[in-house]
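Here is how the chains run, residue by residue.
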Amino acid sequence: MNIGPFTLANNLFAAPMAGVTDRPFRQLCRTLGAGYAVSEMVTSRKDLWNTLKTSRRANHDGEAAPIAVQIAGTDAAMMAEAAAYNIDRGAQIIDINMGCPAKKVCNKWAGSALMQDEPLALQIIEAVVSACAPHNVPVTLKMRTGWSQSHKNAVTIARAAENAGVQMLTVHGRTREQGYKGHAEYATIAAVKAAVRIPVVANGDINTPEKAREVLACTGADAVMIGRAAQGRPWIFREIAHFMATGTHLAPPLVAEVKRLLLDHLQDHYALYGEFSGVRTARKHIGWYVKSLPQAEAFRDRMNQMEDCGHQMQAVADFFDALAVHTDRMPLARPDTLLAEAEGRERTEEMEKEEKEA
Ligand SMILES: Cc1cc2nc3c(=O)[nH]c(=O)nc-3n(C[C@H](O)[C@H](O)[C@H](O)COP(=O)(O)O)c2cc1C
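Every residue gets a number counted from 1 within its own chain, in the order that chain's sequence is written. In view of the model being predicted, local features appear only for residues whose pLDDT reaches at least 70, and side-chain atom pairs are presented and counted only at 80 or more, with totals across whole chains, interfaces and linings using the full set of residues. With hydrogens and water stripped out, all remaining heavy atoms of the structure feed into the side-chain values.

Draft legend 1. Region of the structure containing the environment of G146. Strands here mean DSSP runs of E at least two residues long; helices mean DSSP runs of H or I at least four residues long; both are numbered from the N terminus. Within the fold, G146 resides in strand β9 (residues 139-146). With a 1.4 Å probe rolled over the protein chains alone, any residue whose accessible area is under 20% of its type maximum counts as buried; one over 50% counts as exposed, and the rest are partly exposed. In this structure G146 comes out as buried when scored by relative accessible area, which is 0%. Between the C-alpha atoms of G146 and E177, which are 31 residues apart in sequence, the distance is 8.6 Å. Throughout, a residue-residue contact means that at least one pair of heavy atoms, one from each residue, lies within 4.5 Å. Residues in contact with G146, not counting those within four places in the same chain, are M115, H151, K152, N153, R174, T175 and R176.

Take a look at the structure:
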């Protein structure tokens, strides 16, 4: 599978998730079998580019090619500038965010709200493509199926985007109005795939190898993108890759391996965020790794009291050592729990924080 000049290792993609898919997590997903991973969204607001948050998001030290950066905004000229700014900082692919349900930029709704204003959406696409063309940087677009049940315009936007030079489309099978409620539907993604020649990526509710296979088959999409089900389970990509290749399931990872992965993840995380922020923002990742394991609730409560890296890493190591006494391998997670939790607390908090800052 190719995006412009880049040939990807496979067609299993890690979704952009603000507050989650930072560089350490993207690198981990790619090591564990994702062929491609898109950054968290970077705002098109210039006044925020010097904030610690945006400069961390624009830091791609040691990241493997292709480096894909997602930009969010509501103004064509600002989005073009944001594309150029990120290309200067190492972006090799620019992704336009028309998929996020709740993001205010300059007091206007960005993300999937842009789907309601097709002329503005097209202006943004054209401006970003023009800014990227001199650098030979492909532009991709992530969107939803439409604005609401009665305004599903993904096919119209897909055709316009292809004509304007967009080189890949990702479609989350929900409308903006749905937020994360209900189930993703894949018929609209199939309609988008049938309407364009550029690669189409199917996204939404993929939480098992079987579901990945089913969604690829029913949409005809070129790739699948996985978000919430990779939180705390970045090895889902190699599980899907193995299933696609052999039709059989990989055994769950060894507890000892997950302990090592998580400790390495934490070290990369602290290196990017520093101790104060790092310990606090690592709590949600740790919470996802231990979710549905015995004693997880009590462990999470204790974790929330810890304020330094050394104690946090030691507590994680002890937790997995204690688990390894009872079982060699990680217990199987119930697939529905992989999507359910993100709909609630974590997602809402993250989105609220993002909106306040914008
Ligand atoms: C915490 C969180 C943050 C997200 N942030 C972004 C974002 O920055 N840009 C974007 O296009 N989509 C964002 N999304 C949407 C995901 O990329 C994806 O489309 C959605 O979660 C559906 O896929 P899933 O069912 O595999 O999770 C976010 C989702 C979550 C849960």
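Draft legend 2. Structural view of the sheet that holds strand β5 (residues 68-72). Here a strand pair is declared whenever DSSP counts at least two bridges between the two strands. Reading around the circumference, β3-β4-β5-β6-β9-β10-β11-β12 is the order of the eight strands in this closed barrel, with parallel pairing throughout. Pairwise comparison of adjacent strand axes, ignoring direction, gives a mean angle of 30 degrees for this sheet. Two elements, strand β10 (residues 168-175) and strand β11 (residues 200-203), share four bridges in a ladder whose sense is parallel. Bridged to H172 within β11 is N203. Axis definition: a line fit to C-alpha positions, over the contact stretch in the case of helices; interaxial angles, taken between N-to-C directions, run 0 to 180 degrees. Across the face of the sheet, helix α4 (residues 118-132) comes into contact with β5, β6 (93-98) and β9 while running at roughly 170 degrees to β6. Against the sheet, helix α8 (residues 236-246) contacts β3 (12-14) and β12 (223-226), and its axis sits at roughly 170 degrees relative to β3.

Draft legend 3. Just the site of the ligand, in detail. In this text, near means that some heavy atom of the residue lies within 4 Å of the molecule or strand in question. Taken together, 18 residues sit near the ligand, with P16, Q70, N203, D205 and R228 positioned nearest. Identification of polar contacts relies on pairs of N or O atoms within 3.5 Å, with a donor-acceptor requirement for protein atoms, meaning one able to donate a hydrogen and the other able to accept it, and with residues adjacent in sequence counted only if both atoms are side-chain atoms. P16 places a main-chain nitrogen or oxygen 2.7 Å from an oxygen atom of the ligand. Between the ligand and the protein, one listed contact pairs an oxygen atom with a side-chain N or O atom of K142 at 2.8 Å. Surface accessibility follows the Shrake-Rupley procedure with a 1.4 Å probe radius. Residue values consider only the protein chains on display as shielding. Coverage of the ligand by the protein chains reaches 99% of its 610 Å² of free accessible surface.

These figures capture arrangement, not role.
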